[in-house]
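# Results of the structural survey
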Amino acid sequence: MDSEAVTPLEDVRSRMARACEAARREPSDVTLIAVSKTHPAVAIVPLIEAGQRVFGENRVQEAQAKWPALRARYPAIELHLIGQLQSNKADEAVALFDCLHSLDRPSLAQALAKAMERQGRQVPCFIQVNIGGEAQKGGCAIGDLPDFIASVRETCIPVAGLMCIPPADIEPAPFFALLARLAADNGLAGLSMGMSDDFETAIMLGATHVRVGSALFGERV
Ligand SMILES: *Cc1c(COP(=O)(O)O)cnc(C)c1O
């Protein structure tokens, strides 16, 4: 292998840095979540060895199978759940993850609050917003957001910010801008938005956490 070759991680990091510079933002204000779903430990280890510490998975069971062994070797790992969560998995999610990105309904908030109280563990949660109003997608409806945020703030759950997955195949910038506006209106600082195809746009519009999978690991297996 050519040692001069830029790795995908280096490429993503430099693209993030350029987007931060263009947006007059500090690179340290944007966290790269390396989305390792479907990829085995052998594909993940090189990124950890190269200094990446924050990883994202979308299924509790898959993460339980993969991460305890990796964390035993690399204790500084921060693990984020980016996929939908069923209330009956709340206990497992709170035990395993350091941050959750898909809090989108009162029943799940109740289950997570109970799990956090039981375990004496506060796991920051992003509130997922159904930013394109798509019937098949998770996320809190925009109209319900103020009430939902208020109800979560009455629990022990630390609210990290807002998260969205814009509709596929159309320009994402207006949706990122809307999410940023909703976060500002509701006094929230965190913005989990931007994936492999659009993380630079998301950074320009205020993303604090970008969730990047295929640009780092290649197409999903
Ligand atoms: C898979 C996934 C990502 C990463 O997608 P890529 O296009 O591979 O970067 C980001 N966010 C969520 C919620 C995902 O499920």
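In what follows, the accompanying structure is described. (Residues numbered from 1 in each chain as written. Predicted model: local features only at pLDDT ≥ 70, side-chain atom pairs only at ≥ 80, totals over all residues. Heavy atoms only, no water.)

## Quick notes on the overall build of the protein
Tallying secondary structure elements over the protein gives 9 helices and 8 strands in all. For a compact globule of 221 residues, the expected C-alpha radius of gyration is about 17 Å, and the protein comes in at 17 Å, within 12% of that figure. Its C-alpha atoms put the protein at 55 × 40 × 30 Å along the principal axes. For the protein, with 221 residues in total, the buried portion stands at 48%. Accessible surface, the protein: about 10600 Å² in total, of which carbon and sulfur atoms supply 52%. Taken together, the 21 basic and 27 acidic charged side chains of the protein have centroids lying 4 Å from each other. (Helix = DSSP H or I, 4+ residues; strand = E, 2+ residues; numbered from the N terminus. Rg over C-alpha atoms; globule rule 2.2 N^0.38 Å. Buried < 20%, exposed > 50% of the residue type's maximum accessible area, 1.4 Å probe, protein only. Areas by Shrake-Rupley, 256 points an atom, 1.4 Å probe, with all protein chains shown as cover. Lys, Arg positive; Asp, Glu negative; His and termini not counted. Charge placed at Lys NZ, Arg CZ, Asp CG, Glu CD.)

## Details of the site of the ligand
Every residue close to the ligand is listed here: K37, I82, M163, I165, M195, S196, R211, V212, G213, S214 and R220. Side-chain polar atom of S196 to an oxygen atom of the ligand: 2.5 Å apart, as the coordinates give it. G213 has a polar backbone atom sitting 2.8 Å from an oxygen atom of the ligand. Considering the ligand on its own, with 390 Å² of exposed area, one finds that the protein chains cover 89% of that surface. Given that more than half its atoms are within 2 Å of the pocket grid, the ligand belongs to the largest pocket. Considering only residue class, the shell around the ligand consists of 5 nonpolar, 3 polar and 3 charged. (Near = heavy atom within 4 Å. Polar contact = N/O pair within 3.5 Å; in protein donor to acceptor, adjacent residues only side chain to side chain. 1 Å grid on protein atoms, 1.4 Å probe; cavity = no way out; pocket = protein on both sides within 12 Å on 5 of 7 lines; lining within 4 Å. Sits in = over half its atoms within 2 Å of the grid points. Nonpolar A, V, L, I, M, F, W, Y, C, P; charged D, E, K, R; others polar.)

## Describing the pattern of salt bridges
Applying the stated criterion to the full structure yields 10 salt bridges. The shortest N-O distance in the salt bridge between E200 and R15 comes to 3.1 Å. Of the two residues, E200 sits in helix α8 (residues 199-204) while R15 sits in helix α1 (residues 8-22), which places them 185 residues apart along the sequence. On the basis of relative accessible area, E200 is assigned to the partly exposed category, the value being 28%. (Salt bridge = Lys/Arg side-chain N within 4 Å of Asp/Glu carboxyl O.)

## Some thoughts on the packing of aromatic side chains
As enumerated under the stated definition, the model contains 1 aromatic pair in all. Ring centres of F55 and W67 lie 5.0 Å apart, and the angle between their planes is 45 degrees; this geometry places the pair in the tilted category. Taken together, the residues F55 in strand β2 (residues 54-57) and W67 in helix α3 (residues 60-73) connect sequence positions 12 residues apart. On the basis of relative accessibility, which here comes to 0%, the residue W67 falls in the buried class. (Phe/Tyr/Trp six-rings, centres within 6.5 Å; stacked < 30°, edge-to-face > 60°.)

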